[in-house]
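What follows is each chain in one-letter form.
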Amino acid sequence: MDNQNQEEENISTPTDQEGEEEDNEGGTENEETLDVLSIYDDTIVFNFSEKYTVGQFANGDYWVHNDGSDVIITDISPASTTMSSGRVINGTMLNPENSSNQGYDSESRDMQFEASLNMDPGFLETDLVVQPNTSVVKSISMESDEGRPIIKDAVVLTVLTKTPPEGSFRPPYTGTDKNIIATLADVDYSALKTYPKLGDEPDIAEAQKDFERVWLEHCTEWTQRDIHPDNNMPAYGRDMAATSGRGLVLLQLDYTNLEKEKLLIGMIQYGIDIYGVAKSGGVWYNNGGHNLGRKMPLLLAAKVLNSEEMLIYADKEEHFIFQDDQQHFYVSQVEVDITNSSDWAPDPRADLTAYTASDIGIPEWGIRHTDRPQADNANWGATYRHVNGPSQFAHILAANLMDVKDDWNWSPVFDYASRYYEIEKSGELGNDYLVNLWEAYVIPNMD
């Protein structure tokens, strides 16, 4: 749906993520000393000027350190180069901030390329000297410069001051704070539920593959699809939400902890990365289907890591920063007045239906409700309502199953999911495993 941009578009106390890094006692059985680091079967190779201590985080991403000194990278292959056409490919960024610009590929369709952000030694034609507390994000460009995304692979190499604790989760790739937030020993499986499987769910072994590689998430504008690596993740927010929703739901079923482990680790890491963007000021504005589904992965990570600092960002009354919340509301007289005035300007691709007094109090969805309420449309076929509907439903199902409604703290999205179910259970949602789980475990527990 390329036209959417035209319209919008383990149980213990976790390590305190605000603590000093020297308070994290290092030690890992998996570290080694290398001057060449190969990732994804030589897909991406880092060459160092000398041998450094290298190891892996819980999710498999790599870290490196030089006992507190700089790490010098002489080459990253495939190198970032300028093609004969003038296109710059395979860029590398350091500690990328939430931004509408990127340094990976100059022929991106929507997200502007800024050459100064590309720190790849091939592009700079000199060694890359990396200070500790730096995330090196290396990309490989798509062969074609047509369409989205513009990159097909990406990895994160984190330069630390010393060896992190065994089983550490990778710090967020955004920003310069590379303190260890948590380790595998901090994972509290009791925060997950064990509802009996009904027999029609997806295979959890397949779902875990969706989170084996980094989901690159350092742009919260609709242009973000340019930098969602094709081999790592879906490009469009709706599809990202559908994928993460599947994983979120499966984690609440009666798989063993061992069966859940790999999927949970990958989803915790995704939640940590979302937290990093949020902590640096990121806002996933309500915008069609682009920014859907970022809140529940953060909430999952916060709950299983028992992190109050992360949990605050999942509380709507503390941080109204997620599309999941911003698109949902209860109809009031305000919406009635707007949609019956000359200010009303909904997307004309759907039939237009204004709100009336009889609609007041119903839980509703609006494509840009928070910043553009004049685009609301009461019509059940309103543009993007059904782009978002099934994916959003999966996330609210997961939140209900995990019993985190109070932590989420925004009832309209939950009530709207119930309304969506009632209208679409025989339609768009159909006889789907999500509907079956909702009927078996959510409806019986409703107030």
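Residues numbered from 1 in each chain as written. Predicted model: local features only at pLDDT ≥ 70, side-chain atom pairs only at ≥ 80, totals over all residues. Heavy atoms only, no water.

Thoughts on unusual backbone geometry
Here is the rule we go by: Each helix is a run of H or I in the DSSP string that is no shorter than four residues. Each strand is a run of E no shorter than two, and both are numbered from the N terminus. Summary of the burial criterion: residues with accessible area below 20% of their type's maximum are buried, those above 50% are exposed, and those between are partly exposed, where the area comes from a 1.4 Å probe applied to protein chains only.
Backbone torsion omega between Ser 77 and Pro 78 reads 0 degrees, so that peptide bond is classified as cis. Assignment of secondary structure puts Pro 78 in the loop between β4 (71-77) and β5 (81-82). Residue Pro 149 is bonded to the preceding Arg 148 through a cis peptide linkage, with omega at -5 degrees. Here Pro 149 shows up in the loop between β11 (134-141) and β12 (151-160). Despite not being glycine, Asn 95 shows a phi value in the positive range, around 40 degrees. One non-glycine residue, Tyr 384, lies in the positive phi region at around 80 degrees. Here Tyr 384 lies in the loop between β14 (363-365) and α10 (385-402). A relative accessible area of 4% places Tyr 384 in the buried class.

With respect to the pairing of strand β1 (residues 32-39)
Convention followed: Pairing between two strands is assigned when DSSP locates at least 2 bridges connecting them.
Relative to strand β2 (residues 44-56), β1 is paired through 7 bridges, and the arrangement is antiparallel. Looking at β2, one finds that Val 36 is bridged to Asn 47. Between β1 and β2, which pair antiparallel and follow one another directly, the connecting turn spans 4 residues, one of which, Tyr 40, has a positive phi of 55 degrees.

Some details on the packing of helix α4 (residues 237-250) against α10
Note the threshold: Note on geometry: axes are lines fitted to C-alpha atoms, helical ones only across the stretch in contact, with angles between N-to-C directions running from 0 to 180 degrees. Under this scheme an angle from 65 to 115 degrees is roughly perpendicular, one under 35 degrees roughly parallel, and one over 145 degrees roughly antiparallel; angles in between are oblique. Should the near helix be turned anticlockwise from the far one by less than a right angle, the crossing is termed left-handed; should it be turned clockwise, right-handed. The criterion used for residue contact is that any of the two residues' heavy atoms lie within 4.5 Å. As a working rule, the residues Ala, Val, Leu, Ile, Met, Phe, Trp, Tyr, Cys and Pro are called nonpolar, Asp, Glu, Lys and Arg charged, and the rest polar, with Gly in that last group.
One way to put it is that α4 packs onto α10 with a least axis distance of 8 Å and a crossing angle of 25 degrees. Here α4 lies roughly parallel to α10, going by the angle between them. The crossing of α4 and α10 is left-handed. Where α4 approaches α10, its residues Arg 238, Ala 241, Ala 242, Ser 244, Gly 245, Leu 248 and Val 249 are matched on the opposing element by Val 387, Ser 391, Ala 394, His 395, Leu 397, Ala 398 and Leu 401. Across the contact of α4 with α10, the residue classes break down as 9 nonpolar, 4 polar and 1 charged.

A look at empty space enclosed by the protein
Threshold: Grid points spaced at 1 Å and placed over the protein atoms alone form the basis of the search, with a cavity being a set where a 1.4 Å probe fits but cannot get out and a pocket an open set showing protein on both sides within 12 Å along at least five of seven lines. Lining residues have an atom within 4 Å of a point. Grid points are joined across faces, edges and corners, and a volume is the space filled by probe spheres set on the points.
Considered as a void within the structure, the largest cavity measures approximately 80 Å³ in volume. Contributing to the lining of the largest cavity are His 328, Trp 365, Arg 385, Asn 388, Gly 389, Gln 392, Phe 393, Ile 396, Tyr 416, Ala 417 and Tyr 420. Those elements that provide at least two residues to the lining of the largest cavity are α10 and α12 (411-424). Considering each element in turn, the lining of the largest cavity owes the most residues, 6 residues, to α10. In terms of residue class, the lining of the largest cavity is made up of 6 nonpolar, 4 polar and 1 charged.

Description of the environment of Val 304
Inspection of the secondary structure puts Val 304 in helix α6 (residues 295-304). Val 304 sits 112 residues away from Leu 192 along the chain, and the two C-alpha atoms are 7.4 Å apart. Contacts of Val 304, omitting those with residues within four sequence positions, involve Asp 186, Val 187, Asp 188, Ala 191, Leu 192, Leu 264, Ile 268 and Met 402.

A few points about the side chain of Thr 243
As for its placement among the helices and strands, Thr 243 is situated in helix α4. On the basis of relative accessibility, which here comes to 10%, the residue Thr 243 falls in the buried class. Apart from the residues within four sequence positions on either side, Thr 243 is in contact with Asp 210, Phe 211, Trp 215 and Pro 234.

Some remarks on the pairing of β11
The element β11 is largely enclosed, with a buried count of 8 among its 8 residues. Relative to β12, β11 runs antiparallel, the two sharing 8 bridges. Looking at the pairing, Lys 138 lines up with Val 155 of β12.

Section: α10
For an α-helix, 3.6 residues make a turn, and residues three or four places apart therefore share a direction. Inclusion rule: The span one expects for a helix is its residue count, reduced by one, times 1.5 Å. To obtain the bend at a residue, axes are fitted to the seven residues ending there and to the seven starting there, and the angle between these axes is taken.
The end-to-end C-alpha distance of α10, which contains 18 residues, comes to 25 Å, matching closely the 26 Å that a straight helix rising 1.5 Å per residue would cover. Its maximal kink placed at Ser 391, α10 deviates by approximately 30 degrees. With 15 of its 18 residues buried, α10 lies for the most part within the structure.

Digging into the pattern of salt bridges
This is how the line gets drawn: The term salt bridge refers to a pairing of a side-chain nitrogen on Lys or Arg with a carboxyl oxygen on Asp or Glu at a separation within 4 Å.
Under the defined criterion, the tally for this structure stands at 20 salt bridges. A salt bridge links Asp 273 to Arg 170; the shortest N-O distance between them is 2.8 Å. Pair noted here: Asp 273 is in helix α5 (residues 257-279) and Arg 170 is in the loop between β12 and α3 (204-207), with a separation of 103 residues, a long-range link. A relative accessible area of 2% means that Asp 273 is categorised as buried. The class of Arg 170 is buried, set by a relative accessible area of 1%. Note that Asp 254 and Lys 197 form a salt bridge whose closest N and O atoms lie 2.9 Å from each other. A residue pair is termed long-range when its members are at least 10 positions apart, and Asp 254 in the loop between α4 and α5 and Lys 197 in the loop between β12 and α3 qualify at 57 residues. Since its relative accessible area comes to 34%, Lys 197 is described here as partly exposed.

Concerning the packing of aromatic side chains
Let me state the cut-off plainly: Geometry of aromatic contacts follows a simple scheme: Phe, Tyr and Trp rings, the Trp one being its six-membered ring, pair when their centres are within 6.5 Å, and the pair is stacked under 30 degrees between planes, edge-to-face over 60, tilted otherwise. Charges are assigned to positions over rings by a cutoff of 6 Å between ring centre and Lys NZ or Arg CZ, combined with an angular limit of 35 degrees from the ring normal.
In this structure the tally under the stated criterion is 14 aromatic pairs. Taking the centre distance of 5.6 Å and the plane angle of 75 degrees together, the rings of Tyr 275 and Tyr 313 count as edge-to-face. Linking Tyr 275 in helix α5 with Tyr 313 in helix α7 (residues 308-313), this pair joins segments that are 38 residues apart in sequence. Its relative accessible area of 2% is what places Tyr 275 among the buried residues. For the pair Tyr 416 and Tyr 420, a centre-to-centre distance of 6.0 Å together with 45 degrees between the ring planes defines the contact as tilted. Of this pair, Tyr 416 and Tyr 420 both sit in helix α12, 4 residues apart, which is roughly one turn of the helix. Like Tyr 420, Tyr 416 is buried. Taken together, the ring pairs in this structure connect Phe 211, Trp 215 and Tyr 270 into an aromatic cluster. Positioned above the aromatic ring of Tyr 255, the side-chain terminus of Lys 197 is 4.2 Å from the ring centre. Lying across the ring of Phe 320, Lys 316 places its NZ or CZ 4.7 Å from the centre.

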